[in-house]
Amino acid sequence: MLSLLLSLIFLQSVSAKQDCIPDQWEDWSSCSQSCGATGTRQRNRKIAILPTVDGVQCSSLDFLEIEGCNKMCYNGGALLSTSCQCLQGFTGSCCELDVDECANANGGCQQQCTNEVGSFKCDCFEGFVINEMNICKDIDECTDQNNGGCESLCMNYYGSHACGCLPPKILEMDGRTCASENHCATHPEAVNCTHGCVIHNNQFKCECPEGYRFDEKTFQCNDIDECQSDPMFCAGGTCISGTGKALCECGIGRGLDSDGVQCIDVNECKAGISQCSHTCVNRNAGHVCLCPAGMIVGKDHKTCEDENECLREPSPCSHSCKDLEGSYACSCPLNWNWSMTIGLAVK
C-alpha cells in the first residue's frame, strides 16, 4: 500500500514539471543606421508559459535577438566588416558625401576650380585657355580675324585686350568704335554733364552711375528710389532706400534671384551648403539636419552623433546598460535572468 502511494506522488510530481516556453517574437525594431556597416535591429518576446522550479529555465538569449541591417554604401563604396571604403571623391560613414576638392588649395587648379559630384574640373578666367597640363595660357585676341572686335587699333594684354584709335579720332563708349572727334570736349553742352561724358554713335552722351536717371532738360543725374518706383524690387525682402541703388535684405535662408530683384528661398540641401552629416531637409528660409535611429544631432546642429540611450531617464535597463553604436544592450547580474514578462531582471 505504501509503495503504491509513493508511486502516485512521483507520477504527480513528474506530470507537474513544466519547462519555460517563450511567446512569439514581436516585430523588428527600426534599424539603428540608415546605411553603412554597423546598422543593427532587434526584436523581443515574452514568456508564454512560466517554468516550474524543476523545469528548464529560459535564458536571456531566448528573449532578445539582434541582427545586422541596412548594410550598404553609397556612390560605389565597398562594404567592409566595420566601415565603408569610399571611392576617390566621396567621404562619410556611408560614402554619401561628395568631397569638395576645390576647398583644398583650389584643387591644384591655377585659376578656377569647379567641384563636381565625385570629381572636380579646372578652368580659366575669360581671356585664357587651359592646356593639357591644366595651365592657363593667355589668348591673343588681336590675332583673330575680327581684330579683337576693334575698328582700328587692338592691343593685347595678359588675360584681356583693349581697342584704340588713331588721332584725332577717339574711342566711343562701346570700347571698339572710333568717333571722328572728342565731342565731350568740343560740344558746348557736354560741359553740363554732372557725372561724366561718353561718345556714342559719334555724339556725346551724359552718363549716370547705377541707381540714377539722366534728366535731358537739366543735364542732372537724379536718384531713383527703387523702393517706391518698382513694387517688384526686393519682393519678399526688406528694401532699404538710399543714395544710388537701393539695397535689398532677404534674411537668413533666403537670397536674391538671378535677376537680383526678388528674394527667394535658398535650398541649402541642394546647394551643398547645409553641411549635414546625414539627412538634410529644406524648409522655407532655412533647413534642418536629421539623423537615423540611435543617433542625435550634435551641438553644431549638423553632425549626427551616437545617442547614449543608457543616460535616458528612466534608464531602459533595470540593471546594467551598455551603449552600442546606434543602439544599446541590457545585461543582468550573476544568477539573474531577464524577464520579458515584467521587463526586469529576476532571480
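Residues numbered from 1 in each chain as written. Predicted model: local features only at pLDDT ≥ 70, side-chain atom pairs only at ≥ 80, totals over all residues. Heavy atoms only, no water.

### Regarding the overall build of the protein chain
At step 1: Looking only at helices and strands, the protein chain features four helices and 32 strands.
At step 2: Against the compact-globule benchmark of 20 Å for 347 residues, the protein chain has a radius of gyration of 39 Å, which places it well outside the compact range.
At step 3: Taken along the three principal axes of its C-alpha coordinates, the protein chain extends 145 × 55 × 25 Å.
At step 4: Each of the 347 residues in the protein chain was classed as buried or not, and the buried ones make up 26%.
At step 5: In the protein chain, the share of contacts with a sequence separation of at least 24, taken over all contacts with a separation of at least 6, comes to 32%.
At step 6: A total of about 22400 Å² of accessible surface is found on the protein chain, and carbon and sulfur atoms cover 53% of it. (Helix = DSSP H or I, 4+ residues; strand = E, 2+ residues; numbered from the N terminus. Rg over C-alpha atoms; globule rule 2.2 N^0.38 Å. Buried < 20%, exposed > 50% of the residue type's maximum accessible area, 1.4 Å probe, protein only. Contact = heavy atoms within 4.5 Å. Areas by Shrake-Rupley, 256 points an atom, 1.4 Å probe, with all protein chains shown as cover.)

### Notes on the confidence of the model for the protein chain
At step 1: Confidence along the protein chain averages 83 in pLDDT terms, with 92% of residues attaining 70 or more.
At step 2: The lowest-confidence element of the protein chain is helix 1 (residues 2-16), averaging 52 in pLDDT; the highest-confidence one is strand 13 (residues 153-157), averaging 95. (pLDDT = per-residue confidence, 0-100.)

### Brief notes about the side chain of Glu172
At step 1: Its location among the elements puts Glu172 in the loop between strand 15 (170-171) and strand 16 (178-179).
At step 2: Buried and unpaired, Glu172 has Lys169 as its nearest opposite-charge partner, separated by 9.7 Å.
At step 3: With residues up to four places along the chain from it excluded, the contact list for Glu172 reads Thr177, Cys178, Ala179, Ile199, His200, Asn201 and Asn202. (Lys, Arg positive; Asp, Glu negative; His and termini not counted. Salt bridge = Lys/Arg side-chain N within 4 Å of Asp/Glu carboxyl O.)

### What to know about the state of the cysteines
At step 1: Inspection of every chain in the model, using the stated rule, returns 21 disulfides.
At step 2: There is a disulfide in this structure between Cys73 and Cys84, and the S-S distance comes to 2.0 Å. Of note, the bridge from Cys73 to Cys84 carries an S-S torsion of about -85° and is left-handed in sense. One end of the pair, Cys73, is in the loop between strand 4 (64-68) and strand 5 (78-79); the other, Cys84, is in strand 6 (residues 84-85), with 11 residues separating them in the sequence. Across this residue pair, the class does not change: Cys73 and Cys84 are buried.
At step 3: Disulfide partner of Cys102: Cys113, at an S-S distance of 2.0 Å. Its S-S torsion of about -75° marks the bond between Cys102 and Cys113 as left-handed, since a negative value means left-handed. Of the two residues, Cys102 is situated in the loop between strand 8 (97-98) and strand 9 (112-116) and Cys113 in strand 9; the sequence distance between them amounts to 11 residues. (Disulfide = S-S within 2.5 Å.)

### As for the packing of aromatic side chains
When we look at a pair of aromatic rings, we describe it by the centre distance and by the angle of the planes.
At step 1: One pass over the structure, following the stated rule, counts one aromatic pair.
At step 2: Plain terms: the ring middles of Phe128 and Tyr158 are 4.9 Å apart, the flat faces sit at 75° to each other, and that makes the pair edge-to-face. Here the residue Phe128 occupies a position in strand 11 (residues 128-130), and Tyr158 occupies one in the loop between strand 13 and strand 14 (160-164), the gap between them amounting to 30 residues.
At step 3: Exposure remark for Phe128: the relative accessible area of 13% places this residue in the buried category. (Phe/Tyr/Trp six-rings, centres within 6.5 Å; stacked < 30°, edge-to-face > 60°.)

### Notes on unusual backbone geometry
At step 1: With an omega dihedral of 5°, the bond running from Pro167 to Pro168 counts as a cis peptide bond.
At step 2: Inspection of the secondary structure puts Pro168 in the loop between strand 14 and strand 15.
At step 3: Look at the link from Glu313 to Pro314: it is a cis peptide, with omega at 0°.
At step 4: Examined against the element boundaries, Pro314 turns out to sit in the loop between strand 28 (304-306) and strand 29 (320-324).
At step 5: You will see that Asn75, though not glycine, has its phi angle at about 55°, which is positive.
At step 6: With a relative accessible area of 35%, Asn75 lands in the partly exposed category.
At step 7: For Asn201, which is not glycine, the phi dihedral falls at a positive 50°.

### Re the pattern of salt bridges
At step 1: As enumerated under the stated definition, the model contains four salt bridges in all.
At step 2: In this structure, the salt-bridge partner of Glu210 is Lys245, at a minimum N-O distance of 3.9 Å. Placement of Glu210 in the loop between strand 18 (203-206) and strand 19 (212-215) and of Lys245 in the loop between strand 21 (238-240) and strand 22 (247-249) is noted, with a sequence separation of 35 residues between them.

### Topic: the environment of Leu247
At step 1: In this fold, Leu247 is placed in strand 22.
At step 2: Residues Leu247 and Glu226, 21 residues apart in the sequence, show an inter-C-alpha distance of 9.1 Å.
At step 3: Once you skip the residues sitting within four places of it in the chain, Leu247 turns out to touch Phe233, Thr238, Cys239 and Ile240.

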